[in-house]
Amino acid sequence: MCIRDRDLPDFLQAILQRIHTLPGIKEQGPFDQLTVNDYYPGDGIPPHFDTHSPFEEFFVSLSIGSGVVMSFRSYQNEQKHLYLPRRSLVVFAGEARYAWQHSISQRKLDKVDGQLAFRRRRISLTFRRIKKDPCKCPFPFYCDSQGYDPVLTKQLSDKPAKEKKIKEEEVKLDEFVGEGQVEDELKPGELEKKYVYEIYDKIAPHFSHTRYKPWPKVEGFINSLEKGTVLADLGCGNGKYFGINSENVYAIGSDRSIGLIELAKEKDSNNQVFAADSLRLPMRDECVDVILSIAVVHHFSTRALRIQALRELNRICLLYTSPSPRDRQKSRMPSSA
C-alpha cells in the first residue's frame, strides 16, 4: 500500500519529525511517500534494489511487530546480513542504496548472536521522497536514468565469483556468532544428510519389518487420551502407532524419510502422513494437543539443532494452563521422547 504526503496519518507525524533530524535526510528534505508492507512468518522478499529514478537517495524502513534478518549483496558478490529488531529503523543511502541488492529469506526463524529468533507478524513502513529530476548517482550500471544494462550487471556479478572461486561453507549451527552477525541458513549438516536421511531411505523396507509392534507404554499412553485429541507423531516411520484409540484420537504424522512415509501410506491409505524436516515443520502454531517424538532428536548432530527441534515441538503444541473448550486440564505438553 502506497500513501502520499497529503494522506499520511497524524500518528506518523511524531515519528517523521524524529526521522527528519537524521544526517542526510534533513538536507534532502521531508519524506512525501510511504509504502506499508505486511509480512507473516515465512514471508520474504527477493533480492532487489530500489529503482533510482523515482526517489531521492535517502530512504528509511521502520520494522514494527517483529525483528527480521535482511541480507545485502553487492554487484561483486560481497554479502552482509543485518538483524533489524522490532521498532528499529534502517537507513538506505550511498552505495547501499544504489548498488547493493537487499532481500529477506523465506523462513520462519533467524539465528542472531547464537540464539534462534522466531519471526512474528511484521509491518514495515518505508518512507521515501519523490525525485523530480534524473538520477546522477555514481553507479550507472544500476541506474535506469543512466542507461542501466542488465547484461553488464550480470557480467559484473559473475566475474568476482569466477576469479575468487567462491565456495559456500557448511553452516555450523552449534557455534555462537558474534554480535550483529547472523547465519544465513538454518539447516541440517552433512552428517544428518549422509548418515540419517540417506540411510533411512535406503533401509526403509528392512527397518519397517523390524518396527511393527507398538511399545506397550506408548500404546497405553495413546489409549488414555480423551475424545477429540489431535495427536502428531513426528518421526512416525511406518506409522505403527496409527489406529490406536482411533475412535477418540485424530492422528497425523511426519517423517524425513520418503521411503518410510510411503510404507505408512501402504499400510493404510487413510493415514494422514507427510514428509517434513523436524527443524521446520510446515504446521501452524498451537495446532495439536499431543506430540509423539520417539527416537528422533538424538539424530541431530549438534546441540543447536536438537534445541531447535524441541522448540518446533513446543511451537506447534497447544499448552493448556486452564480448562480448554473440551473441559480438559493440562499443565504441560504430553510427549514421549
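Each chain has its residues counted from 1, running along the sequence as written. Local features in this predicted model are restricted to residues of pLDDT 70 or higher, and side-chain atom pairs are both shown and tallied only at a pLDDT of 80 or more, whereas totals for entire chains, interfaces and linings draw on every residue. Just so you know, side-chain values use all the structure's heavy atoms and leave hydrogens and water out.

(A) Spatial organisation of the overall build of the protein chain. Under the DSSP-based scheme used, a helix requires at least four consecutive residues in state H or I and a strand at least two consecutive residues in state E, with every element numbered from the N terminus. The secondary structure content of the protein chain amounts to 8 helices and 17 strands. Any residue under 20% of the maximum accessible area for its type is buried, any over 50% is exposed, and the rest in between are partly exposed; the area is computed with a 1.4 Å probe on protein chains only. Counting all 337 residues of the protein chain, 45% fall into the buried class. By definition in these notes, contact holds between two residues if any of their heavy atoms fall within 4.5 Å. Long-range contacts, defined here as pairs at least 24 residues apart, represent 70% of the contacts in the protein chain between residues at least 6 apart. Accessible surface, the protein chain as shown: approximately 19,300 Å² in total, 52% of it carbon and sulfur. Residue-level accessible areas treat just the shown protein chains as cover; the underlying method is Shrake-Rupley with a 1.4 Å probe.

(B) Summary view of the pairing of strand β11 (residues 122-128). Of all 7 residues in β11, 6 are buried, a share of seventy percent or more. Bridge analysis of strand β2 (residues 33-39) against β11 gives 7 bridges, and the strand direction is antiparallel. Residue pairing for β11: Y39 is matched across the bridge by R122. One ladder, built from 5 bridges, connects strand β4 (residues 59-64) with β11; its direction is antiparallel. Each residue of the ladder has a partner; that of I64, found in β11, is I123. Think of it this way: DSSP has to see at least two bridges between two strands before they count as a pair.

(C) Structural detail: unusual backbone geometry. For N245, which is not a glycine, the phi torsion comes out positive at approximately 55°. Its location among the elements puts N245 in the loop between β13 (229-234) and β14 (249-255).

(D) Molecular detail of the packing of aromatic side chains. Working definition: rings of Phe, Tyr and Trp (its six-membered ring) pair if their centres are within 6.5 Å, and the pair is stacked with planes under 30 degrees apart, edge-to-face with planes over 60 apart, and tilted otherwise. Counted according to the given criterion, the structure contains 5 aromatic pairs. Residues F59 and F92 carry aromatic rings whose centres are separated by 4.4 Å and whose planes lie at 10° to one another, so their mutual orientation is stacked. Placement of the pair is F59 in strand β4 and F92 in strand β7 (residues 89-92), with a sequence separation of 33 residues. Pairwise contacts between aromatic rings join F59, F72 and F92 into one cluster. Note on geometry: a ring has a charge over it if NZ (lysine) or CZ (arginine) is within 6 Å of the ring centre and within 35 degrees of the ring normal. In this structure, R128 packs its charged tip against the face of F55, placed 5.1 Å from the ring centre. Cation over ring: R128 sits above F59, and NZ or CZ is 5.2 Å from the ring centre.

(E) Focus on the pattern of salt bridges. Salt bridges are counted wherever a side-chain nitrogen of Lys or Arg sits within 4 Å of a carboxyl oxygen of Asp or Glu. Per the stated rule, a full pass over the model turns up 9 salt bridges. Of the charged contacts in the structure, one is a salt bridge between K131 and D133, with a shortest N-O distance of 3.3 Å. The shortest N-O distance in the salt bridge between R315 and D285 comes to 2.7 Å. Of the two residues, R315 sits in helix α8 (residues 303-316) while D285 sits in the loop between β15 (272-275) and β16 (290-292), which places them 30 residues apart along the sequence. Residue class for D285 comes out partly exposed when judged on its relative accessible area of 37%. Here the salt bridges share partners, and the residues they tie into one network are R120, D285, E312 and R315.

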